[in-house]
Amino acid sequence: MKYAVYGRVQGVYFRDNAVKQAKAAGVAGWVQNNLDGSVGGEAIGEQENLTKFKEWLKQGPLSARVEDLKTEYHEVEEDHFYGHFERRKGRGAGPPSFTKS
């Protein structure tokens, strides 16, 4: 699942909390700050676990104010499975690109 979270989500320990929540939910992948002010990344796991993580992303940590969440599910090949969830340093170019519908 690709995701991008918009609102007051940088400078509020969103990424650190996302790592904790992903691990608790049994989700692998990564999270990063994006140049547009959003936080985004990719989460991999069983649908039930992804749903738990997505519910947390809708609210974020107490210090955040989530205004919007965009997600897109896609198939991941088994050898692409990360096995852990990481907080990426710095800022990525932007949120993950989403398929236009």
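Now for a quick tour of the structure. This one's a predicted model, so the numbers in the text were calculated from it and none came from an experiment.

**Describing the pairing of strand 1 (residues 2-8)**
Right, so step 1: In this sheet, strand 3 (residues 39-44) lies alongside strand 1 in antiparallel orientation, the contact comprising four bridges. By the bridge assignment, Lys-2 is partnered in strand 3 with Glu-42.

**Brief notes about the packing of aromatic side chains**
Right, so step 1: With the rule as written, the count across this model stands at four aromatic pairs.
Right, so step 2: Residues Tyr-3 and Phe-53 carry aromatic rings whose centres are separated by 5.7 Å and whose planes lie at 80° to one another, so their mutual orientation is edge-to-face. One end of the pair, Tyr-3, is in strand 1; the other, Phe-53, is in helix 2 (residues 47-57), and 50 residues separate them in sequence. Neither Tyr-3 nor Phe-53 differs from the other in exposure class; each is buried.
Right, so step 3: Following the ring pairs from residue to residue traces out a cluster consisting of Tyr-3, Phe-14, Phe-53, Trp-56 and Phe-85.

**What to know about helix 2**
Right, so step 1: If you check which residues of helix 2 are buried, you get Asn-49, Leu-50, Phe-53, Trp-56 and Leu-57. The buried side chains of helix 2 occupy one side of the element, clustering within an arc of 120° when seen end-on.

**Quick word on the side chain of Asn-34**
Right, so step 1: One can find Asn-34 in strand 2 (residues 28-34).
Right, so step 2: Of note is the side chain of Asn-34, whose polar atom sits 3.0 Å from the side chain of Gln-32.

**Examining the nonpolar core**
Right, so step 1: Of all hydrophobic cores here, the largest spans 21 residues; its most connected members are Tyr-3, Phe-14, Val-27, Phe-53, Leu-57 and Phe-85.
Right, so step 2: Of all the elements, helix 1 (residues 14-25) adds the most residues to this core, at five residues.

**A closer look at the environment of Val-31**
Right, so step 1: Tracing the chain through its elements places Val-31 in strand 2.
Right, so step 2: In this structure the C-alpha to C-alpha distance between Val-31 and Glu-42, which are 11 residues apart in sequence, comes to 6.8 Å.
Right, so step 3: Contacts of Val-31, omitting those with residues within four sequence positions, involve Tyr-3, Arg-15, Ala-18, Val-19, Val-39, Gly-40, Gly-41, Phe-85, Glu-86, Arg-87 and Arg-88.

**With respect to the pattern of salt bridges**
Think of it this way: side chains of opposite charge can pair up when their charged atoms draw near.
Right, so step 1: Here the structure, examined in full by the defined rule, presents six salt bridges.
Right, so step 2: The partner of Lys-58 in a salt bridge is Glu-55, with the nearest N and O atoms 3.0 Å apart.
Right, so step 3: Among the residues examined, Lys-58 registers a relative accessible area of 40% and is labelled partly exposed.
Right, so step 4: Arg-65 is the partner of Glu-67 in a salt bridge, and the nearest nitrogen-oxygen pair spans 3.0 Å.

**What about the side chain of Arg-15?**
Right, so step 1: Positionally, Arg-15 belongs in helix 1.
Right, so step 2: Buried charged residue Arg-15 carries no salt bridge. Nearest counter-charge: Asp-16, at 6.2 Å.
Right, so step 3: With residues up to four places along the chain from it excluded, the contact list for Arg-15 reads Val-31, Gln-32, Asn-33, Val-39, Arg-87, Arg-88, Lys-89 and Gly-90.

About the criteria used
- Residues numbered from 1 in each chain as written.
- Predicted model: local features only at pLDDT ≥ 70, side-chain atom pairs only at ≥ 80, totals over all residues.
- Heavy atoms only, no water.
- Pairing = 2+ DSSP bridges.
- Helix = DSSP H or I, 4+ residues; strand = E, 2+ residues; numbered from the N terminus.
- Phe/Tyr/Trp six-rings, centres within 6.5 Å; stacked < 30°, edge-to-face > 60°.
- Buried < 20%, exposed > 50% of the residue type's maximum accessible area, 1.4 Å probe, protein only.
- Arc of directions from axis to C-beta.
- Polar contact = N/O pair within 3.5 Å; in protein donor to acceptor, adjacent residues only side chain to side chain.
- Core = buried A, V, L, I, M, F, W, Y, C linked by side-chain atoms within 4.5 Å.
- Contact = heavy atoms within 4.5 Å.
- Salt bridge = Lys/Arg side-chain N within 4 Å of Asp/Glu carboxyl O.
- Lys, Arg positive; Asp, Glu negative; His and termini not counted.

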